[in-house]
Amino acid sequence: MSDPFFQPVSGFEVPRFAGVPTFMRLPHVEHGHDRFNDVQIGLIGVPWDSGTTNRPGPRHGPRQLRDASTMMRAQHAVSGMRPFEAANCADLGDVGPNPADIIDSMDRITTFYNKVMDAGIVPLTAGGDHLTSLPVLRAVAKDGPVGMVHFDSHTDLFDSYFGGTQYTHGTPFRRAVEEGLLDPKKVVQIGIRGTMYDTEDRDFAAANGIRLILIEEFHARGVEDVMAEAREIAGSGPTYVSYDIDFVDPTFAPGTGTPEVGGPNSWQAIQVCRELAGLNIVGADMVEVSPPFDQSGGTAFLGVSIMYEMLCVMAGQVAG
Ligand code: MN
Ligand code: MN
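Attention here is on the structure that accompanies the text. (Residues numbered from 1 in each chain as written. Chains lettered and ligands numbered in written order. Predicted model: local features only at pLDDT ≥ 70, side-chain atom pairs only at ≥ 80, totals over all residues. Heavy atoms only, no water.)

1. Some remarks on the coordination of the manganese ion (ligand 1)
Condition: Keep in mind that water is not among the atoms, so a site may look incomplete; donors are the N, O and S atoms within 2.8 Å of the metal, or 3.2 Å for Na, K and Ca. Think of it this way: any DSSP run of H or I at least four residues long counts as a helix, any run of E at least two long counts as a strand, and we number them from the N terminus. Here's how the labels work: a residue is buried when its accessible area is under 20% of the maximum for its type, exposed when over 50%, partly exposed in between, all with a 1.4 Å probe on protein chains only.
Within the first shell, the manganese ion (ligand 1) binds the protein through His-130 (ND1), Asp-152 (OD), Asp-156 (OD) and Asp-244 (OD), at distances of 2.1 to 2.2 Å. The sequence pattern describing where the donors of the manganese ion (ligand 1) fall on their chain is H-x21-D-x3-D-x87-D. The metal-metal distance between the manganese ion (ligand 1) and the manganese ion (ligand 2) comes to 3.2 Å, with Asp-152 coordinating both. Within this pair, whereas Asp-156 is found in the loop between strand E4 (146-151) and helix H5 (172-178), its partner Asp-244 is found in strand E7 (residues 238-244), the two being separated by 88 residues in sequence. The burial state of Asp-156 is the same as that of Asp-244; both residues are buried.

2. Observations concerning the side chain of Thr-256
Definition in use: Working rule for contacts: check all heavy atoms of both residues, and any pair within 4.5 Å makes them a contact.
On the secondary structure map, Thr-256 appears in the loop between E7 and helix H9 (266-274). For Thr-256, a relative accessible area of 1% translates into the label buried. The residues touching Thr-256, leaving out its near neighbours within four places in the chain, are Arg-55, Ile-245, Asp-246, Glu-288, Ser-290 and Phe-293.

3. Focus on the coordination of the manganese ion (ligand 2)
Looking at the manganese ion (ligand 2), the protein donor atoms are Asp-152 (OD), His-154 (ND1), Asp-244 (OD), Asp-246 (OD) and Asp-246 (OD), and they sit 2.0 to 2.5 Å from it. The exposure class of His-154 is buried, given its relative accessible area of 18%.

4. Things to note about the pattern of salt bridges
The cut-off we apply is this: Any carboxyl oxygen of Asp or Glu that lies within 4 Å of a side-chain nitrogen of Lys or Arg is treated as forming a salt bridge with it.
In total, this model carries 20 salt bridges according to the counting rule given. Asp-94 is paired through a salt bridge with Arg-66; the nearest N and O atoms lie 2.9 Å apart. Within this pair, whereas Asp-94 is found in strand E2 (residues 89-94), its partner Arg-66 is found in helix H1 (residues 61-69), the two being separated by 28 residues in sequence. Overall, Arg-66 belongs to the buried group, its relative accessible area being 10%. Among the ionic pairs, Arg-274 bridges to Glu-309, the shortest N-O distance being 3.0 Å. Of the two residues, Arg-274 is situated in helix H9 and Glu-309 in helix H10 (residues 298-319); the sequence distance between them amounts to 35 residues. Since its relative accessible area comes to 27%, Arg-274 is described here as partly exposed. A residue is classified by how much of its surface remains accessible, and Glu-309, at 8% relative accessible area, is buried. Linked by salt bridges that have partners in common, Asp-159, Arg-174, Arg-175, Glu-178 and Glu-200 make up one network.

And the structure:
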């Protein structure tokens, strides 16, 4: 039975442009709230981009994504899923980062997510740049390595930047493998493309058994075939889903720091999410939405549309 407390504000009662914009118009339930332990899926903002090596801005992502998310309605058009009735969903607020200190920020993020995991809440994160996924995984995978389905133009598997800097948005999954947070044989990275520095990241993937599905293969095989393989790789074990908005072609998602041409369109961008059904999802994120480069607001709208698709799959999993 759906819990009245966890229902979003209806657009039939208060117009969707009015009111304080929480994620999907859900109740705001921070740690310490008396309903915190009843939340099943928590939407969390991580307004942070200190890992960004080129064009910044994802620190403004959560606020923009919350605003755009007021466009989401109660029911999925194809599956019929009503996610807010199938699971207790809430906006858990933002992690307050330290914009001047990467290590301190990561500790703050992990501390926040440890409380979320301890309460049995499945987190759906709005970043933030892609380094956000590392401190989140430190909490999500604290009991052992997880698999990952990763949508991105980039592998984010580099060792370091600028002569030894270990923590940037180009390195999170290299660190996650080294720290035992990811089981590389259960990791698939989809949509990889663009000009390259060198092959260091791809060599690391090959040496560790990470499956890369380059964009050429994605376009040749199509969404359903590629995603069937992704589900097979991740298997039935705990799986994290990480979605970098630069997976999508910059025609549809220009508001991001490191765009790469030749990517999926907005239809394929949501289609891949529908194909996640059947996985054992223990957390998901939408990262790298950069409002300063999002002149139309369309990138944030696509970002929350993708979050809604992922949320529907996650809610179906909670409902059983
Ligand atoms: Mn990325
Ligand atoms: Mn990327």
